[in-house]
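Architecture and fold: a report
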Amino acid sequence: MLNTNEFQNSIQKTKEEAFREIDQENRLEGLEQIRVKYLGRKGIITSLLKNLKDFPEEDRPALGQLSNQLKKQVEEVLLQRAEKLKEIQLTLKKGRWFLDYTLPGRKGWVGKLHPVTQVNERIIQIFYGMGFEVAKGPDIETDYYNFSSLNFPQDHPARDMQDTFYINDDILLRTHTSPVQVRVFEKTEPPVRIIAPGRCYRNEAINSRSYCTFHQVEGFYVDTDVTFADLKGVLTAFVWEMFGKDVKLRFRASFFPFTEPSAEVDISCILCSGKGCSVCKHTGWLEILGAGMIDPAVFDAVGYDSEKFTGYAFGMGVERIAMLKYGINDIRLFYENDLRFLRQFQL
Amino acid sequence: MKASLNWLKELVDFDLSVDELASRLTDAGLEVENITTMGKDLDKVVVGEIKKVSPHPRADKLSICMVSTGAEDLQIVCGASNVAEKIKVPIALIGALLPGGMNIAKSNLRGVESFGMICSEKELEIGEFEDGIMILEPKLRTGEPLTSALNLEDFILDIALTPNRPDWLSMIGVAREIAALCGSRVKNIRVDLHEAEKPASEMIRVEIDDQAGCPRYAARIIEDIKISESPFWLKRKLYSAGMRPINNVVDITNLVMLELGQPLHAFDYNLFQQKKVVVRRAKDKEKFITLDQVERTLNEEVLLITDGKKPVAIGGIMGGLESEVTPRTRTVLLESAYFDPRVIRKGRMFLDISTESSQRFERGADPNGVVKAIDRAAQLFAELTGGEVLKGVVDNYPSAICPINVKLRPQRVNRVLSTDLSSEQIKSMLVHLELPVKENQGLEVEIPTFRPDLTREIDLIEEVVRIYGYSNIKTTMRAGGNLVTEINAEDEFFRGIKQFLSGKGFFEVITNNLVDPEIQRRLNPDISPVTIRNPLSRDLSVLSTTLSGNLLSVVSYNKNRLEKNLRIFELGKVFMSPEGSLPQERYQLGIALSGAREPRHWEAKEVDADFYDLKGILEELLGYHSLSFNLVPSRSVLLEPDNCFNLRVKDERIGMLGGVSKGMLELFEIKNQVFWAELNVEKIMSLVQRMRTFVPLPKFPPVDRDVALVVDETLLSQEIIDEIKGAGRNFVEEVVLFDVYTGKQVEPGKKSLAYSIRYRSPEKTLTDEEVEEIHRKVILKLEQSFGATLRK
Ligand SMILES: [Zn+2]
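Residues numbered from 1 in each chain as written. Chains lettered and ligands numbered in written order. Predicted model: local features only at pLDDT ≥ 70, side-chain atom pairs only at ≥ 80, totals over all residues. Heavy atoms only, no water.

**Some remarks on the overall build of chain B**
To keep it simple, the criterion reads: Numbering goes from the N terminus for both helices and strands, where a helix is a DSSP run of H or I of at least four residues and a strand is a run of E of at least two. Only protein chains enter the calculation, and the probe is 1.4 Å; a residue is then buried if its accessible area is under 20% of its type maximum, exposed if over 50%, and partly exposed in between. Contacts are assigned to residue pairs with any non-hydrogen atoms lying within 4.5 Å of each other. What sets the accessible areas is the Shrake-Rupley method with a 1.4 Å probe; for residues, cover comes only from the shown protein chains.
Counting its secondary structure elements, chain B contains 21 helices and 39 strands. Over its C-alpha atoms, taken along the principal directions, chain B stretches across nearly 135 × 80 × 60 Å. Looking at the 792 residues of chain B, the share that counts as buried comes to 54%. In chain B, 68% of the contacts between residues at least 6 apart in sequence involve partners at least 24 apart. Accessible area of chain B: about 37700 Å², with a carbon and sulfur share of 48%.

Here's what the structure looks like:
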């Protein structure tokens, strides 16, 4: 025997169940069965009404009203559903289209930007946000801009660090985008804060780790009070934006003719979180870029006062960053342009 | 460079594990790329002493040895010819597992029992000598495990060196760095030399013709030497550095070079025709056979060591075959010299060789380390070859190269590094690097000649930060600098193009612009490409003059991988080499289209894309920038003769469009039709008006009239449109072609074109009559000009 409260709950429950069943029914015969189940002589709602007499007299009118309402609502929904089903049947009979919403929509082709472009754009965006402007220079450079002005003396072993394609004794394919530094310094007084993206060339055997052409982003900042601490700051900010804030950086001493002190910058391995894996050769660190304070000899070459101004410079390989970011193990994939490769990338 | 941990420990005291050492060195600029272990533990291999050797009764080549291992005497059968009584040898006991996989067990050799094995270096994998058993130094204690007796367990650090540090090409240089990092000191290398009475100067004179190329040349004479195999400890050191032992004389010179960084050379003195050394430049085309048995043609860049008559070595680079030390050599002339780094580099670049010696000289050896090195070597000659060292060094050093002084301001250090180091702290770091410091209005550092890389204040600042540690520098995050950050207009324009095309379903590709000259010539026979003088290979020897070759290769590559539908573009540089001027480069946009017009769909039939698909893309791309173009029929080897057009905007040629010719498709092994466009995007950018002023909206309504014409099939639609615009004067605002028909309903050779013309006046609302009159004039003009008839 139900009490008043339970009776009210049971009306609510019956309503929900009936509505759901009706909504899911796709045949008119099925609807008739549902009608009998709820409203027939032995139907659920009919029985509820019969039970009313067992409740205290003062509750009966309210409960009665609820039950009658339920009965009406169910009748109404049954009717609506029946009409809808009849309409669909009519449509089908007339041979009109039934909306199969699982068929694919009409679409055009979708293309994507090359992953090198995507990563390059991202790098530019990050540095643009820090106040760097973009400058560009030619791929075909002179010895002066590519080497001499950057403190690579003639007949010095430092030249062996970058295997160079020569067009003649004086003209070559740039081995880095650092020449843009000198080109900008010649035209601008400090403060200058620039990134120079672009294609570079190295006369190195082609294999999974090196290719004869690649993309680099060089960055530099010259002002009256730029310090090594600022260099660490800007590169830390870059790495965090590119790879996430839990990535650690390591600066270690190195040598580039156009910076001093010079540093190689490593990041904690993003694939194994620094625990050691095959990609980081079990060191936990990945080499990501080279950097340093601009050598006074470069300032002297362009007529900047190297006593008054200090500056930093850094350079990174775009393919290298993309390889680290996506775990790509062969640089040649970027230049093969296999669509199955190109389809995969969206920053 | 390979550095043995055991060897380093002989030179400097430090208390670091090999991993800690590697990490400290790496941070300081000696990047340890790899650590390998040398000498696996030789379990159950001990030092033994052969007490008695007797012949095997049934085998001539075998001997029966009684060997003491300290604890017991063992009978061991041995097949080596160099067994002897009272020598110490390595014994593999029963149960030992040798590195090569051999398991030592009790055996029976032709009736005689053997309880172990006497081993060769090769069998223990600690050396390469396999002719006979290894003979140990008598001082080793019998019974001691061989691993500890020979100090076999070692780690080899493989260090990637930067070209600015010649001193790191020596064990002493690396040790010096470790000392500085650990606050310790390098141990002095012992040189105590017993010289004979006879002076070396009686035997040899040194003349330097080219003082700039050879500022110093020192020589010693060692007589009565006996060439033999080097002792194990020496060979071991050479192995650890990745060098092969040869004989005691050569090994000593190599050892001292590895130890002190000073290359030495030993000549057979008796092969000198005169008692003198003459250092001079080679003559142009002079010939000389080096000890690698190659006859080399020299030029004036090359320094020669001669005996006054004939050359005996290429100075600082390689010795000569004919003056080489041989097993018959009895008297050695030992050379220790300082050569100018640039001269050595030029010479070895000309000869296209690089040797251990040239590597050190071209980076810069220590002119004042010459005598120490020759003395050290002479001492080892006395000890290991039994030779007599004649008295004195014959040292020609006309003008001494002196240490320089470099000033260092502590406040400058702190300004560049953003540190707060005191003068004292800085001084202490430099002193630990063996850089003597005086206080003199700031610091004044005397730079030893073994550090040619230090010439300026900034060089010393780098030394400070290396020792202080890069990780101890602050990380400052601040903006600073200029607030004006301009967007690069070209980048922005190119970005727009790339985004438009990828939105239109084109994949961006990036290709190698080093290409095959043969293919380049076929694609673009009229333009000479920029040629690389030293290419990787012939097929990568010119810079591309058109993007078409690479994009057709990408089409072909992907078609071979069952990609039927190719929509690709590249926005990249092309390069030209106009005669008599510098190579030029510019950005171009190449677009290739092949395959279906639309992705396969259940509703529509698959239709191949054609000329109008690509033309439409270009119309949209340029139309976005309010540019419209004309096509002018043209000719090109790349495109089909009747499907090849120049694109012109405002009378400027900006590119080409068309269908790729059969011949080109064959060249790239493509079976399907490909449509191609290549545009000069730099020119397009220059034609775009970036800041357009707003045009007021029209005040009066337009009137649209349609007209359908039948004209000759060969008449171009553009001619009709131009005529409509001309006839309708200012009232024609827009002409849209909306139907083209050829077929049964028009006569052969004719086509029907239908246009919708929009008329509007800027001054008033046109009445029906006015429009009718203009429209009639237009039609009349079309009838007159083209013989067009109206189609009902
Ligand atoms: Zn890892």
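**Comments concerning the interface of chain B and chain A**
For interface size, the figure often reported is the accessible area lost on association. For the record, the criterion: Summed over both partners, the accessible area (1.4 Å probe) lost when two parts come together is defined as the buried area. Only one rule defines a salt bridge in this text: a Lys or Arg side-chain nitrogen within 4 Å of an Asp or Glu carboxyl oxygen. Residue polarity follows a fixed list, in which Ala, Val, Leu, Ile, Met, Phe, Trp, Tyr, Cys and Pro are nonpolar, Asp, Glu, Lys and Arg are charged, and the others, Gly among them, are polar.
With 93 residues of chain B at the interface, the matching set in chain A holds 100 residues. For the pair chain B and chain A, the two sides together bury roughly 8000 Å², of which 54% comes from carbon and sulfur. Together, Tyr470, Phe507 and Ile510 of chain B form the three largest contributors to the area buried by chain B at its contact with chain A, with a combined 10%. Linking chain B with chain A are 19 salt bridges, by the criterion used here. With a shortest N-O distance of 2.5 Å, Arg106 of chain A and Glu603 of chain B are connected by a salt bridge. For the side of chain B that touches chain A, the leading source of residues is helix α14 (residues 489-503) of chain B, giving 7 residues. Classifying every residue of the side of chain B that touches chain A by side-chain character gives 35 nonpolar, 24 polar and 34 charged.

**Concerning a nonpolar patch on the surface**
Residue and element names in this part refer to chain A. Condition: Surface patches are drawn from residues lacking salt bridges whose relative accessible area is over 30%; two like charges belong together within 9 Å, two nonpolar side chains (Val, Leu, Ile, Met, Phe, Trp, Tyr) within 5 Å.
On the surface, a cluster of nonpolar side chains totalling about 280 Å² of accessible area is made up of Ile88, Leu92 and Phe98. Note that Ile88 resides in helix α4 (residues 60-93). Using a relative accessible area of 31% as the deciding quantity, one classes Ile88 as partly exposed.

**Thoughts on helix α10 (residues 370-385) of chain B**
All names here are of chain B. Threshold: By this rule the span expected of a helix is its residue count minus one, scaled by 1.5 Å.
The end-to-end C-alpha distance of α10 is 22 Å, a good match for the 22 Å that 16 residues give at a rise of 1.5 Å each. Within α10, the full set of buried residues consists of Val370, Ala373, Ile374, Asp375, Arg376, Ala377, Ala378, Gln379, Leu380, Phe381 and Thr385. The elements touched by buried residues of α10 are β13 (216-223), α6 (232-240), α7 (248-260), β14 (264-268), β21 (332-338) and β22 (388-391). One or two residues past the end of α10 sits Gly386, with phi positive at roughly 70 degrees.

**Focus: the coordination of the zinc ion**
Residue and element names in this part refer to chain A. We apply this condition: In this description, a donor is an N, O or S atom within 2.8 Å of the metal centre, a cutoff extended to 3.2 Å for sodium, potassium and calcium. Water is not part of the atom list, which can make sites seem incomplete. Any site counts as irregular unless it has four donors with all angles between 85 and 135 degrees, making it tetrahedral, or four or six donors with opposite ones more than 155 degrees apart and the rest between 65 and 115, making it square planar or octahedral.
Taken together, the protein ligands of the zinc ion are Cys269 (SG), Cys272 (SG), Cys277 (SG) and Cys280 (SG), with distances of 2.2 to 2.3 Å. Here the zinc ion is ringed by 4 donor atoms whose angles at the metal span 100 to 113 degrees, and the overall shape comes out tetrahedral. The sequence pattern formed by the donor residues of the zinc ion is C-x2-C-x4-C-x2-C. Under the relative-accessibility criterion, Cys272 is labelled buried at 10%. The class of Cys280 is buried, set by a relative accessible area of 3%.

**A word on helix α1 (residues 4-24) of chain A**
Because an α-helix completes one turn every 3.6 residues, residues spaced three or four positions apart along the sequence face the same direction. All names here are of chain A. Rule in force here: Comment: arc refers to directions from the helix axis out to C-beta atoms.
Between its terminal C-alpha atoms α1 stretches 31 Å, which fits the 30 Å expected from 21 residues at 1.5 Å a residue. For α1, the complete set of buried residues consists of Phe7, Ile11, Thr14, Ala18 and Ile22. Along α1, the residues classed as buried sweep out an arc of 70 degrees about the axis, all on the same side. Those residues of α1 that are exposed and angled more than 90 degrees off the buried face are Asn5, Asn9, Lys13, Asp23 and Gln24. If you follow the buried residues of α1, they end up packed against α2 (28-39), α3 (44-51) and α4.

**Overview of the confidence of the model for chain B**
Do not read the predicted coordinates in detail wherever pLDDT is low. We count it as follows: As a per-residue measure, pLDDT reflects the predictor's confidence and takes values from 0 up to 100.
On average, chain B scores 92 in pLDDT, and the residues at 70 or more come to 99%. This prediction of the complex comes with two scores: 0.84 for pTM and 0.87 for ipTM.

**Things to note about the nonpolar core**
What counts here: Take the buried Ala, Val, Leu, Ile, Met, Phe, Trp, Tyr and Cys residues and link them wherever side-chain atoms come within 4.5 Å; each set so joined is a nonpolar core.
Counting residues in each nonpolar core, the largest one holds 174 residues, and the members touching the most others are Phe127, Leu235, Phe238 and Phe314 of chain A together with Leu8 of chain B. It is helix α8 (residues 228-243) of chain A that contributes the most residues to this core, 10 residues altogether. Residues contacting Phe127 of chain A, with those up to four places away along its chain left out, are Phe132, Ile195, Val234, Phe238, Phe314 and Met316 of chain A. Of all hydrophobic cores here, the second largest spans 41 residues; its members include Leu298, Val302, Ile305 and Met318 of chain B.

**Things to note about the domain arrangement of chain A**
The test is simple: Domain borders in the structure are assigned automatically or taken from a domain database.
Each domain of chain A was delimited in the assignment, giving domain 1 (4-94) and domain 2 (115-342). Look at where the C-alpha atoms of domain 1 of chain A and domain 2 of chain A centre, and you get two points 74 Å apart.

**Here we look at the packing of α7 of chain B against α10 of chain B**
What describes two packed helices is the angle between their axes and the distance between those same axes. Residues and elements named next belong to chain B. Put simply, the rule reads: Angles here are taken between N-to-C directions and fall from 0 to 180 degrees, while the axes themselves are lines fitted to C-alpha atoms, restricted in helices to the stretch in contact. Helix crossings fall into two classes, left-handed where the near helix is turned counterclockwise from the far one by less than a right angle and right-handed where it is turned clockwise.
It is at 10 Å that the axes of α7 and α10 come closest, and there the two elements cross at 145 degrees. The interaxial crossing formed by α7 with α10 has right-handed handedness. Only Lys372, Ala373, Arg376, Ala377, Leu380, Phe381, Leu384 and Thr385 of α10 make contact with α7, whose side of the interface consists of Asn248, Val249, Ile252, Leu255, Val256, Glu259 and Leu260.

**Regarding the environment of Val660 of chain B**
Residue and element names in this part refer to chain B. Within the secondary structure, Val660 is located in strand β34 (residues 652-660). Separated by 24 residues in the primary sequence, Val660 and Ser636 have C-alpha atoms spaced 9.6 Å apart. Beyond its immediate chain neighbours, meaning those up to four positions away, Val660 contacts Leu552, Leu638, Leu639, Glu640, Leu665, Val674 and Trp676.

**Things to note about the domain arrangement of chain B**
Residues and elements named next belong to chain B. How we decide: Definition of a polar contact: a pair of N or O atoms within 3.5 Å, with one able to donate and the other able to accept a hydrogen when the atoms are protein atoms, and with sequence-neighbouring residues admitted only if both atoms are side-chain atoms.
Partitioning chain B into structural domains gives domain 1 (2-39 + 154-182), domain 2 (45-149), domain 3 (195-396), domain 4 (404-468), domain 5 (489-687) and domain 6 (703-790). Relative to domain 3, the C-alpha centre of domain 2 lies at a distance of 39 Å. Surface buried jointly by domain 2 and domain 3 totals about 660 Å² across both partners, of which 54% is contributed by carbon and sulfur atoms. Its largest share of buried area at the contact with domain 3, domain 2 owes to Ile126, Glu128 and Phe129, together 64% of the area lost on that side. Linking domain 2 with domain 3 are 1 salt bridge, by the criterion used here. Of the charged contacts in the structure, one is a salt bridge between Lys235 and Glu121, with a shortest N-O distance of 2.4 Å. Our enumeration of links across domain 2 and domain 3 arrives at 1 residue pair in polar contact (both at pLDDT 80 or more).

**Some words on the environment of Gly364 of chain B**
Residue and element names in this part refer to chain B. Take Gly364: it is sitting in the loop between α9 (356-363) and α10. Placed 59 residues apart in sequence, Gly364 and Ile305 show a C-alpha to C-alpha distance of 19 Å. If near-sequence neighbours (up to four positions away) are discounted, Gly364 is found in contact with Pro166, Pro341 and Pro452.

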